[in-house]
Amino acid sequence: IVGGERKRFVPAAPGRGGLVRAVGALGVTRVGGLGSRASDGGSAVGPLASGLAGALDAGDAGARRGVFVLVGDAFEGVEALGRALAMASARGATVVLVRTLTHKELPDGLEEGVTFVDPETGVRARSGAKASASLREHNAALERVARRTGARLVLAMTGDDPRAVLREAFSPRA
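Residues numbered from 1 in each chain as written. Predicted model: local features only at pLDDT ≥ 70, side-chain atom pairs only at ≥ 80, totals over all residues. Heavy atoms only, no water.

**Things to note about the packing of helix 4 (residues 78-90) against helix 5 (residues 129-149)**
Rules: To define axes, lines are fitted to C-alpha atoms, for helices over the stretch in contact only, and angles between the resulting N-to-C directions are given on a 0 to 180 degree scale. Counting from the N terminus, the helices are the DSSP runs of H or I reaching at least four residues and the strands are the DSSP runs of E reaching at least two. Note on terminology: angles under 35 degrees are roughly parallel, angles over 145 are roughly antiparallel, angles of 65 to 115 are roughly perpendicular, and the others are oblique. Two helices crossing with the near one rotated counterclockwise from the far one by less than a right angle form a left-handed crossing, whereas a clockwise rotation gives a right-handed crossing. Contacts are residue-level and defined by heavy atoms, with any inter-residue pair within 4.5 Å sufficient. When residue character is reported, Ala, Val, Leu, Ile, Met, Phe, Trp, Tyr, Cys and Pro are called nonpolar, Asp, Glu, Lys and Arg charged, and the others, Gly included, polar.
Look at helix 4 against helix 5: their axes get within 9 Å of each other, and the N-to-C directions meet at 15°. When the axes of helix 4 and helix 5 are compared, the pair comes out roughly parallel. Crossing hand, helix 4 versus helix 5: right-handed. When helix 4 is examined against helix 5, the residues Val-78, Leu-81, Gly-82, Leu-85, Ala-86 and Ser-89 are found in contact with a partner set consisting of His-138, Ala-141, Leu-142, Val-145, Arg-148 and Thr-149. Along the lines of polarity and charge, the residues of the contact of helix 4 with helix 5 split into seven nonpolar, four polar and one charged.

Shown next, in the form of structure tokens:
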């Protein structure tokens with residue numbers, strides 16, 4: 001687990017105690033600083049890509065082959081995120097990317113003329129037909145990268161039952 005400049009590894013442990021330790025560590029860990037925009041050409045390194053790359057470099061070889069759970073909106077450069085996911089896959093790691101979004105951040109949920117402000121970068125964007133098309137393109141690119149790298153992509157909408165999100169994220173693949 002990467003937190004700013006501080007890196008920590010939480011070893012896997014079975015049962016409820018292992019889950020409590022992992023979730024507790026997540027509760028106090030934050031990756032990032034300033035993020036990047038999805039419109040930065042795809043190659044800009046955002047907090048998820050940076051955090052995963054840093055986590056892969058931390059710890060021992062066993063840690064780098066573990067399960068990495070990335071939680072965020074994934075509004076960052078898809079190319080850079082794809083490179084980090086490919087690196088994880090090449091090292092034998094399993095990656096679950098949990099996208100946390102509100103209904104207003106979905107292409108069909110955008111209201112015309114609403115101004116969004118990115119809390120990480122301060123960048124302002126106004127919704128409209130072009131924004132909806134960009135969101136559709138970004139979402140499709142994320143799905144392609146996840147498929148190509150073997151990452152599991154899970155959508156967690158605000159208000160969703162967290163247990164359902166966890167079941168989807170960690171249930172065996174069909």
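**Concerning helix 4**
Rules: Between the first and last residue of a helix there are one fewer steps than residues, each counted as 1.5 Å, and that sum is the expected span. We call a residue buried when its accessible area falls under 20% of the maximum for its residue type, exposed when it is over 50%, and partly exposed in between, using a 1.4 Å probe and counting protein chains only.
An ideal rise of 1.5 Å per residue puts 18 Å on 13 residues; helix 4 measures up with 18 Å between its terminal C-alpha atoms. Among the residues of helix 4, those classed as buried are Val-78, Ala-80, Leu-81, Gly-82, Ala-84, Leu-85 and Ala-88. In this fold, the buried residues of helix 4 make contact with helix 2 (47-57), strand 3 (67-72), strand 4 (94-101) and helix 5. After helix 4 finishes, the residue Gly-92 shows a positive phi value of roughly 85°.

**Re the packing of helix 2 against helix 4**
The interhelical angle for the contact between helix 2 and helix 4, taken along N-to-C directions, is 25°, at an axis separation of 8 Å. Here helix 2 is positioned roughly parallel relative to helix 4, judged by the angle of their axes. Crossing geometry of helix 2 relative to helix 4 is assigned as left-handed. From helix 2, Leu-48, Ala-49, Leu-52, Ala-53 and Leu-56 reach across to helix 4, where they touch Ala-80, Leu-81, Ala-84, Leu-85, Met-87 and Ala-88.

**Here's the deal with the pairing of strand 4**
We count it as follows: A strand pair is defined by DSSP finding two or more bridges across the two strands. Look down the strands so they point away from you; if going from the first strand over the helix to the second traces a clockwise path, that crossover is right-handed.
Of all eight residues making up strand 4, six are buried, and the element is well covered by its neighbours. Note: strand 3 against strand 4, six bridges, orientation parallel. Of the residues in strand 4, the one forming a bridge with Val-67 is Thr-94. Between the parallel pair strand 3 and strand 4, the chain is carried across by helix 4, and the sense of this crossover is right-handed.

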